[in-house]
Amino acid sequence: MTDTVASLFESALERYKAGEEPEKLIPVFQDICDRAPKSSAAWTCLAWLYLLSDKSNAALKAAQKAVKLHPQDAQSRVNLAVAMLETGQKGVREHVDRAMQFIMVDSDMRDEVKQNIADGMSRKPDWQSMERVRKWLFEASE
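In this text, all values refer to a predicted model and were calculated from it rather than measured experimentally. (Residues numbered from 1 in each chain as written. Predicted model: local features only at pLDDT ≥ 70, side-chain atom pairs only at ≥ 80, totals over all residues. Heavy atoms only, no water.)

**What to know about the pattern of salt bridges**
Thinking step 1. Tallied over the full model, the rule gives seven salt bridges.
Thinking step 2. In this structure, the salt-bridge partner of Glu20 is Arg15, at a minimum N-O distance of 2.7 Å.
Thinking step 3. Here Lys124 makes a salt bridge to Asp54, at a shortest N to O gap of 2.6 Å. Placement of the pair is Lys124 in the loop between α7 (107-123) and α8 (128-139) and Asp54 in the loop between α3 (40-52) and α4 (56-69), with a sequence separation of 70 residues.
Thinking step 4. Residue Lys124 is classed as buried on the basis of its relative accessible area of 14%. (Salt bridge = Lys/Arg side-chain N within 4 Å of Asp/Glu carboxyl O. Helix = DSSP H or I, 4+ residues; strand = E, 2+ residues; numbered from the N terminus. Buried < 20%, exposed > 50% of the residue type's maximum accessible area, 1.4 Å probe, protein only.)

The structure is reproduced here in structure tokens:
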């Protein structure tokens, strides 16, 4: 990412953390993905925002792109698994298992995924697909 895109990304992330509505941030992250199409972090964030906005098909495409760019990222795998559940796709468990492998060896990644799931559940209560993935990832190992 160029400096401009990187600063745009950081600014958008701060806006999200400050509580801005996902729907307002989707165009910002779409622009970032257009400017930096190989940024897995941007695609991961865009997929997350789509999931929070009940745009499951768009989330699926963004999450697939994120996983393709960075297959070892647990959060992009979580996003993909949730999007697959919400769109009725098969093969969800493979992505959950891969995410689990990554978080078992990297405690920072584990903490980040746990924190993101908690954030998602607070923004979208009764998020059944996310709750299923959370249980698969964390209840067996706690």
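Next comes the rest of the description.
**Thoughts on the packing of aromatic side chains**
Thinking step 1. Here the structure, examined in full by the defined rule, presents two aromatic pairs.
Thinking step 2. Ring geometry for Phe9 and Phe29: centres 5.8 Å apart, planes at 85°, overall edge-to-face. Of this pair, Phe9 sits in helix α1 (residues 3-17) while Phe29 sits in helix α2 (residues 22-35), and the two are 20 residues apart along the sequence.
Thinking step 3. Phe29 gets classed as buried once you look at its relative accessible area, which sits at 1%.
Thinking step 4. A cation sits over an aromatic face here: Arg123 above Tyr16, 3.7 Å from the ring centre. (Phe/Tyr/Trp six-rings, centres within 6.5 Å; stacked < 30°, edge-to-face > 60°. Lys NZ or Arg CZ within 6 Å of the ring centre and 35° of its normal.)

**Points about the UniProt feature "repeat: TPR" (unreviewed entry) in the chain**
Thinking step 1. Mapped onto this numbering, the UniProt entry gives "repeat: TPR" (unreviewed entry) at residues 40-73.
Thinking step 2. The straight-line gap between the two end C-alpha atoms of residues 40-73 is 9 Å; of that span, 79% is helix and 0% is strand. (UniProt positions renumbered as here; feature names shortened; annotations may be inferred.)

**Quick word on the nonpolar core**
Thinking step 1. Counting 50 residues, the largest nonpolar core has Phe29, Ile32, Leu46, Val78, Val113, Val133 and Leu137 as its most contacted members.
Thinking step 2. Those elements giving two or more residues to this core turn out to be α1, α2, α3, α4, α5 (74-87), α6 (92-105), α7 and α8.
Thinking step 3. Residues contacting Phe29, with those up to four places away along its chain left out, are Phe9, Ala12, Leu13, Ala42, Cys45, Leu46 and Leu49. (Core = buried A, V, L, I, M, F, W, Y, C linked by side-chain atoms within 4.5 Å. Contact = heavy atoms within 4.5 Å.)

**Remarks on unusual backbone geometry**
Thinking step 1. In the Ramachandran plot, Asp54 falls in the positive-phi region, its phi being about 60° despite a non-glycine side chain.
Thinking step 2. Phi is positive for Asp126, which is not a glycine, with a value near 65°.
Thinking step 3. Structurally, Asp126 can be placed in the loop between α7 and α8.

**Side note on α8**
Thinking step 1. Relative to the 16 Å expected for twelve residues at 1.5 Å per residue, α8 spans 15 Å between its end C-alpha atoms, a close match to the ideal helical length.
Thinking step 2. Of the surrounding secondary structure, the elements contacted by the buried residues of α8 are α3, α5, α6 and α7. (Expected span 1.5 Å × (residues − 1).)

**Some details on the environment of Asp106**
Thinking step 1. Assignment of secondary structure puts Asp106 in the loop between α6 and α7.
Thinking step 2. On the accessibility criterion, Asp106 (29% relative accessible area) is partly exposed.
Thinking step 3. In sequence terms Asp106 and Ala74 are 32 residues apart; their C-alpha atoms lie 9.8 Å from each other.
Thinking step 4. From its side chain, Asp106 meets the backbone nitrogen of Asp108 in a polar contact 3.0 Å long. (Polar contact = N/O pair within 3.5 Å; in protein donor to acceptor, adjacent residues only side chain to side chain.)

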